[in-house]
Amino acid sequence: MKISQLILALAVSISGTAFAADNHGHDVKPMHGGAVAEAKDVEYEFVAAADKLQLYMRDHGKPVAVAGMTAKVTLLAGSDKQDVQLQPGDGKLEASGSFKVPAGTKAIVAVSKAGKSVASVRFTLK
């Protein structure tokens, strides 16, 4: 195989991977006023307030059953770091308490079900 054919084949394979990783032609919009991200074809919406954190999940627009799921949230606000465990609630994972969530806070959420990792999602709060 010529080197130019090898380079072309490599370029085509890389561009195919990049195309497959896009958001599949739809915009992910918040339904609960939170920050939205997508991972593994699931839409995650993270709603943060000073006294409550909530994580909603939708698969192709339908709510994901949260029974048996948990999530660990790491909040990074300036030099402050806070780890919070979310537990299943009414159609969402949630936690109550006191949280520092000013605009610009970064949230890293690790979702698991039955002790196995499901997804890792990152948000920047507005």
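Please read all numbers here as calculations on a predicted model, not as lab measurements. (Residues numbered from 1 in each chain as written. Predicted model: local features only at pLDDT ≥ 70, side-chain atom pairs only at ≥ 80, totals over all residues. Heavy atoms only, no water.)

A. Examining the pattern of salt bridges more closely. This model, assessed by the stated rule, comprises three salt bridges. R58 is the partner of E45 in a salt bridge, and the nearest nitrogen-oxygen pair spans 3.5 Å. Here the residue E45 occupies a position in strand 2 (residues 42-48), and R58 occupies one in strand 3 (residues 52-59), the gap between them amounting to 13 residues. One exposure class covers both E45 and R58, and it is buried. (Salt bridge = Lys/Arg side-chain N within 4 Å of Asp/Glu carboxyl O. Helix = DSSP H or I, 4+ residues; strand = E, 2+ residues; numbered from the N terminus. Buried < 20%, exposed > 50% of the residue type's maximum accessible area, 1.4 Å probe, protein only.)

B. Molecular detail of the environment of K40. Looking at the secondary structure, you find K40 in the loop between strand 1 (35-39) and strand 2. Along the backbone, K40 and D59 are 19 residues apart, and their C-alpha atoms lie at a distance of 9.4 Å.

C. How the structure looks around the packing of aromatic side chains. Summed over all chains, the structure comprises one aromatic pair. A ring pair is formed by F46 and F123, whose centres lie 5.5 Å apart and whose planes are at 25°; its orientation type is stacked. Of the two residues, F46 is situated in strand 2 and F123 in strand 9 (residues 116-124); the sequence distance between them amounts to 77 residues. For F46, a relative accessible area of 1% corresponds to the buried category. F123 sits in the buried class, given a relative accessible area of 4%. (Phe/Tyr/Trp six-rings, centres within 6.5 Å; stacked < 30°, edge-to-face > 60°.)

D. Looking closely at the side chain of E45. Assessed through its relative accessible area of 0%, E45 is described here as buried. Within polar-contact distance, the side chain of E45 engages the backbone nitrogen of G34 at 2.9 Å. In this structure the side chain of E45 is engaged in a polar contact, spanning 3.5 Å, whose partner is the side chain of R58. If sequence neighbours within four positions are ignored, E45 has contacts with P30, M31, H32, G33, G34, A35, V36, Q54, L55, Y56 and R58. (Polar contact = N/O pair within 3.5 Å; in protein donor to acceptor, adjacent residues only side chain to side chain. Contact = heavy atoms within 4.5 Å.)

E. Main features of the nonpolar core. In this structure, Y44, F46, L55, M57, L86 and F123 are the most contacted members of the largest nonpolar core, which totals 27 residues. Among the elements of the structure, strand 1, strand 2, strand 3, strand 5 (69-77), strand 6 (80-88), strand 7 (93-96), strand 8 (106-113) and strand 9 are those that each provide at least two residues to this core. Residues contacting F123, with those up to four places away along its chain left out, are A35, V36, A37, Y44, F46, L55, T105, K106, A107 and V109. (Core = buried A, V, L, I, M, F, W, Y, C linked by side-chain atoms within 4.5 Å.)

F. Spotlight on unusual backbone geometry. Although it is not a glycine, K40 sits at a positive phi angle of roughly 50°. A relative accessible area of 67% means that K40 is categorised as exposed. Phi is positive for D41, close to 65°, though the residue is something other than glycine. Positionally, D41 belongs in the loop between strand 1 and strand 2.

G. The arrangement of the environment of A37 in detail. Within the secondary structure layout, A37 lies in strand 1. Judged by relative accessible area, A37 falls into the buried class, the value being 16%. A37 has contacts with V42, E43, Y44, V121, R122 and F123, leaving out every residue within four places of it along the chain.

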